[in-house]
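Chain by chain, the residues:
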Amino acid sequence: MQPGITDLFGANSTFSGSPKVLEIPLTSLPALTGANPTALELYAALVSFAHNWISANTDQSVLVDSTLTISSPITKNGIARTQFQYAERFYGTYTAPTFDPNAV
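The structure displayed is predicted, hence computed values, not measured ones.

Enquirer: Got a minute to help me understand the nonpolar core in this structure?
Expert: Note that soluble globular proteins tend to have their nonpolar side chains buried in a common cluster. Among the nonpolar cores identified, the biggest contains six residues, and these are Leu-8, Ala-50, Trp-53, Ile-54, Val-62 and Val-64. At three residues, helix 2 (residues 39–56) tops the list of elements feeding residues into this core. Excluding residues that lie within four positions of it along the chain, Val-64 makes contacts with Ile-54, Arg-89, Phe-90 and Tyr-91.

Enquirer: Explanation requested: the pattern of salt bridges in the structure shown.
Expert: For side chains bearing opposite charge, pairing can occur when the charged atoms are close. All chains considered together, the criterion is met by one salt bridge. The shortest N-O distance in the salt bridge between Asp-65 and Arg-89 comes to 2.6 Å. Separated by 24 residues along the polypeptide, Asp-65 in strand 3 (residues 64–76) and Arg-89 in strand 4 (residues 79–90) bring together distant segments of the chain. The exposure class of Asp-65 is partly exposed, given its relative accessible area of 27%.

Enquirer: For this particular structure, what's the right way to read the packing of aromatic side chains?
Expert: The geometry of an aromatic ring pair comes down to the distance between the two centres and the angle between the two planes. For the structure shown, the criterion picks out one aromatic pair. Measuring from ring centre to ring centre gives 6.0 Å for Phe-90 and Phe-99, while their planes differ by 55°; the resulting arrangement is tilted. Residue classification places Phe-90 among the partly exposed positions, given a relative accessible area of 44%. Between Lys-20 and the ring centre of Phe-15, over which it is positioned, the NZ or CZ distance is 6.0 Å.

Enquirer: Is there a simple way to explain helix 2 in this structure?
Expert: Owing to its 3.6 residues per turn, the α-helix aligns residues three or four sequence positions apart on the same side. The first and last C-alpha atoms of helix 2 sit 26 Å apart over 18 residues, in line with the 26 Å expected at 1.5 Å per residue. Regarding helix 2, the residues found buried are Ala-45, Val-47, Ala-50, His-51, Trp-53 and Ile-54. For helix 2, the elements touching its buried residues are helix 1 (5–9), strand 3 and strand 4.

Enquirer: Would you explain the environment of Ser-13 in this entry?
Expert: Inspection of the secondary structure assignment puts Ser-13 in the loop between helix 1 and strand 1 (14–16). Residue class for Ser-13 comes out buried when judged on its relative accessible area of 6%. Among residues more than four places away in sequence, those in contact with Ser-13 are Ile-5, Thr-6, Glu-23, Ile-24, Pro-25 and Ser-28. Within the structure, the side chain of Ser-13 is placed 3.0 Å from the backbone oxygen of Gly-10, a separation counted as a polar contact.

Enquirer: I tried to follow a nonpolar patch on the surface on my own but got confused; where do I start?
Expert: Taken together, the side chains of Ile-5, Phe-15 and Leu-22 define a hydrophobic patch exposed on the protein surface, amounting to about 250 Å² of accessible area. In this structure, Phe-15 sits in strand 1.

Conventions used here
- Residues numbered from 1 in each chain as written.
- Predicted model: local features only at pLDDT ≥ 70, side-chain atom pairs only at ≥ 80, totals over all residues.
- Heavy atoms only, no water.
- Core = buried A, V, L, I, M, F, W, Y, C linked by side-chain atoms within 4.5 Å.
- Buried < 20%, exposed > 50% of the residue type's maximum accessible area, 1.4 Å probe, protein only.
- Helix = DSSP H or I, 4+ residues; strand = E, 2+ residues; numbered from the N terminus.
- Contact = heavy atoms within 4.5 Å.
- Salt bridge = Lys/Arg side-chain N within 4 Å of Asp/Glu carboxyl O.
- Phe/Tyr/Trp six-rings, centres within 6.5 Å; stacked < 30°, edge-to-face > 60°.
- Lys NZ or Arg CZ within 6 Å of the ring centre and 35° of its normal.
- Expected span 1.5 Å × (residues − 1).
- Polar contact = N/O pair within 3.5 Å; in protein donor to acceptor, adjacent residues only side chain to side chain.
- Patch = residues over 30% accessible without salt bridge, like charges linked within 9 Å, V, L, I, M, F, W, Y side chains within 5 Å.
- Areas by Shrake-Rupley, 256 points an atom, 1.4 Å probe, with all protein chains shown as cover.

Here it is as structure tokens:
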């Protein structure tokens, strides 16, 4: 089973119209708690949300897998931090090694 729009982008997310528009209400991403998240916070929430669905759906027909590696402490700009590293792997029909997001 391939994921649907709401599986990877949250409830009430839509992809429709002309031109096609992906609409993701902030309420679709429960990890976001602020009313005005930064672009980086939005991106992190999307990656985390999608990772949760992908990790829970390991059927062979799902052509992606995702892993999360947590390392701590990591020094970033002289400050001890916790690093959250997401790795996504997409699978498609074997052809010349060129990534095509339309084949995912």
